Amino acid sequence: MKTLVRDLAQIIIIAFVLGLAANAVNPRGVKIGFSRPPRAFAADSSLTGGSFKEPFLVNREQLRRMAESGAVIIDARSPEEFVAGHIPGAVNIHFEALHEYVGVMEKLPRDRWLVCYCDGPPCDKGEMLARELVSQGFPRVAYYYEGLNDWKRAGLEVVR
Amino acid sequence: MKRLLLILRLILGVIFIWAAVGKIFDPAQFAENIDNYRLLPYFLTTLTAAILPWLELICGLLLILGRKVAAASLIIIVLNCIFILAIGSAVARGLDIDCGCFSAGSKVGWVRLIEDFALLAVAVVIWREARTLQAR
């Protein structure tokens, strides 16, 4: 029993020390702290031309401006959810059933911004779809993580 | 029986090391995964993201090396119980999130739960054997 307790304590202490040390030197380390850092939104200047290997996070205002200048808005939720209400002009690509949307994805323009969304935190389907589109070679992809809930809270139009 | 236990130890060890490595390289991503469960205060989320993968790695290594097996398997049992509760609560709440189990993206769901129950069972077998050896 004594040995077990001693071993447990050793393992846990070593994990603590190594974990905190490795995290401190890792560029992908997490900042230990009490406040959740705000997710960084894309700079407006990035959201024009160019070709990017990472999807951008955008906020509601950015989404509206991008839509006005021709961006394609993509709803990553299920068709049932989509029919029940979505952002005006959005097309539906259900992230859970991508194989059914091969045709839709092929028709997406490569010279325009694609902005994906889901309901909002913690749903990450919009972000996952955005990453998928980037991996398929689309050069300008963004996601609106605050999602439809944020859109509705702002009193903006939802269409069926 | 001895050989079977050795094989179980090696399998469980490799799985835990495999699960740990991706997370060790990217604690920021792992913190986001934990945060999506909405179970822990943010401070504990960041602490867990930094330390849990190392706990998994150390326990996995110890199982493979056959050192401190009782303690390592006991920690794995406790971890798996926590994983099952977390994933179970995510499924119950209908959360559609990445599991954070392994480095590759995999959604929470029944498959993940069954996997964790299987790992738990293996860990319990190893632990019981290690305890009897230690008591002798």
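Residues numbered from 1 in each chain as written. Chains lettered and ligands numbered in written order. Predicted model: local features only at pLDDT ≥ 70, side-chain atom pairs only at ≥ 80, totals over all residues. Heavy atoms only, no water.

Draft legend 1. Layout of the overall build of chain A. The secondary structure content of chain A amounts to 6 helices and 5 strands. Across the 160 residues that make up chain A, the buried fraction comes to 46%. Of the roughly 8700 Å² that chain A leaves accessible, carbon and sulfur atoms contribute 58%. (Helix = DSSP H or I, 4+ residues; strand = E, 2+ residues; numbered from the N terminus. Buried < 20%, exposed > 50% of the residue type's maximum accessible area, 1.4 Å probe, protein only. Areas by Shrake-Rupley, 256 points an atom, 1.4 Å probe, with all protein chains shown as cover.)

Draft legend 2. Summary view of the overall build of chain B. Of regular secondary structure, chain B possesses 5 helices and 0 strands. Starting at the N terminus, the α and β elements of chain B follow one another as α-α-α-α-α. Out of the 136 residues belonging to chain B, those deemed buried represent 53%. Considering only intrachain contacts with a sequence separation of at least 6, the fraction spanning at least 24 residues in chain B is 66%. Summed over all atoms, the accessible surface of chain B reaches about 6500 Å², with 72% contributed by carbon and sulfur. (Contact = heavy atoms within 4.5 Å.)

Draft legend 3. Focus on the interface of chain A and chain B. Taken together, the contact between chain A and chain B spans 37 residues of the former and 36 residues of the latter. Our count for the contact surface shared by chain A and chain B stands at 3 salt bridges. As a salt-bridge pair, A:Asp124 and B:Lys107 come within 3.2 Å of each other at their nearest N and O atoms. Where chain A meets chain B, there are 8 residue pairs in polar contact (both at pLDDT 80 or more). Looking at the side of chain A that touches chain B, the elements with two or more residues in it are helix H1 (2-25) and helix H5 (125-135) of chain A. Counting residues per element, the side of chain A that touches chain B draws most heavily on H1(A), at 15 residues. Tallied by class, the residues present in the side of chain A that touches chain B amount to 20 nonpolar, 8 polar and 9 charged. (Salt bridge = Lys/Arg side-chain N within 4 Å of Asp/Glu carboxyl O. Polar contact = N/O pair within 3.5 Å; in protein donor to acceptor, adjacent residues only side chain to side chain. Nonpolar A, V, L, I, M, F, W, Y, C, P; charged D, E, K, R; others polar.)

Draft legend 4. Region of the structure containing the packing of H1(A) against helix H4 (residues 69-92) of chain B. Following both chains from N to C, one finds H1(A) and H4(B) inclined at 65°, their axes separated by 8 Å at the closest point. Taken as a pair, H1(A) and H4(B) cross one another with a handedness that is right-handed. The residues of H4(B) that touch H1(A), namely those facing A:Leu4, A:Asp7, A:Leu8, A:Ile11 and A:Ile12, are B:Ala70, B:Ala71, B:Ala72, B:Leu74 and B:Ile75. Class assignment for the residues of the contact of H1(A) with H4(B) results in 9 nonpolar, no polar and 1 charged. (Axes fitted to C-alpha atoms, helices over the stretch in contact; angles between N-to-C directions. Left-handed = near helix turned anticlockwise from the far one by under 90°.)

Draft legend 5. Layout of the state of the cysteines. Residue and element names in this part refer to chain A. Taken as a whole and assessed by the stated rule, the structure comprises 2 disulfides over all chains. Two residues share a disulfide in this structure: Cys-118 and Cys-123, whose sulfurs sit 2.0 Å from each other. On the sign convention where negative is left-handed, the bridge of Cys-118 and Cys-123, at about 90° about the S-S bond, is right-handed. Taken as a pair, Cys-118 and Cys-123 share a single burial class, namely buried. (Disulfide = S-S within 2.5 Å.)

Draft legend 6. Fine view of the sheet that holds strand E2 (residues 72-75) of chain A. Residues and elements named next belong to chain A. Pairing is parallel across the open sheet formed by 5 strands, whose spatial order is E1-E5-E4-E2-E3. Both edges of this open sheet fall to strand E1 (56-57) and strand E3 (91-92), since each of them pairs with a single strand only. Its contacts with the sheet put helix H2 (residues 60-68) on E1, E2, strand E4 (114-117) and strand E5 (141-144), and the angle it makes with E5 is roughly 135°. In the packing of H5 onto the sheet, the strands contacted are E2, E4 and E5, and the crossing angle to E5 comes to about 175°. (Pairing = 2+ DSSP bridges.)

Draft legend 7. The arrangement of the packing of aromatic side chains in detail. Residue and element names in this part refer to chain A. Applying the stated criterion to the full structure yields 4 aromatic pairs over all chains. On the basis of an interplanar angle of 75° and a centroid distance of 6.5 Å, the ring pair of Tyr-144 and Trp-151 is categorised as edge-to-face. Note on Trp-151: relative accessible area 7%, which makes it buried. Lying over the aromatic face of Phe-138, Arg-110 brings its terminal NZ or CZ to 4.2 Å of the ring centre. (Phe/Tyr/Trp six-rings, centres within 6.5 Å; stacked < 30°, edge-to-face > 60°. Lys NZ or Arg CZ within 6 Å of the ring centre and 35° of its normal.)

Draft legend 8. Here's a closer look at the confidence of the model for chain B. All names here are of chain B. For chain B, per-residue confidence averages 92 on the pLDDT scale, and 96% of positions sit at 70 or higher. When mean pLDDT is taken per element in chain B, helix H3 (residues 42-65) scores highest with 97 and helix H2 (residues 27-36) scores lowest with 90. Quick note on the complex model: pTM equals 0.66, ipTM equals 0.91. (pLDDT = per-residue confidence, 0-100.)

Draft legend 9. Summary view of H4(B). Look at H4(B): 34 Å from first C-alpha to last across 24 residues, which is about the 34 Å you get at 1.5 Å a residue. Taken from the residues just after H4(B), B:Gly94 is the one with a positive phi, measuring 70°. (Expected span 1.5 Å × (residues − 1).)

Draft legend 10. Geometry of H2(B). Buried residues dominate H2(B), accounting for 7 of its 10 residues. As for H2(B), its buried residues are in contact with H1 of chain A together with helix H1 (2-25) and H3 of chain B.

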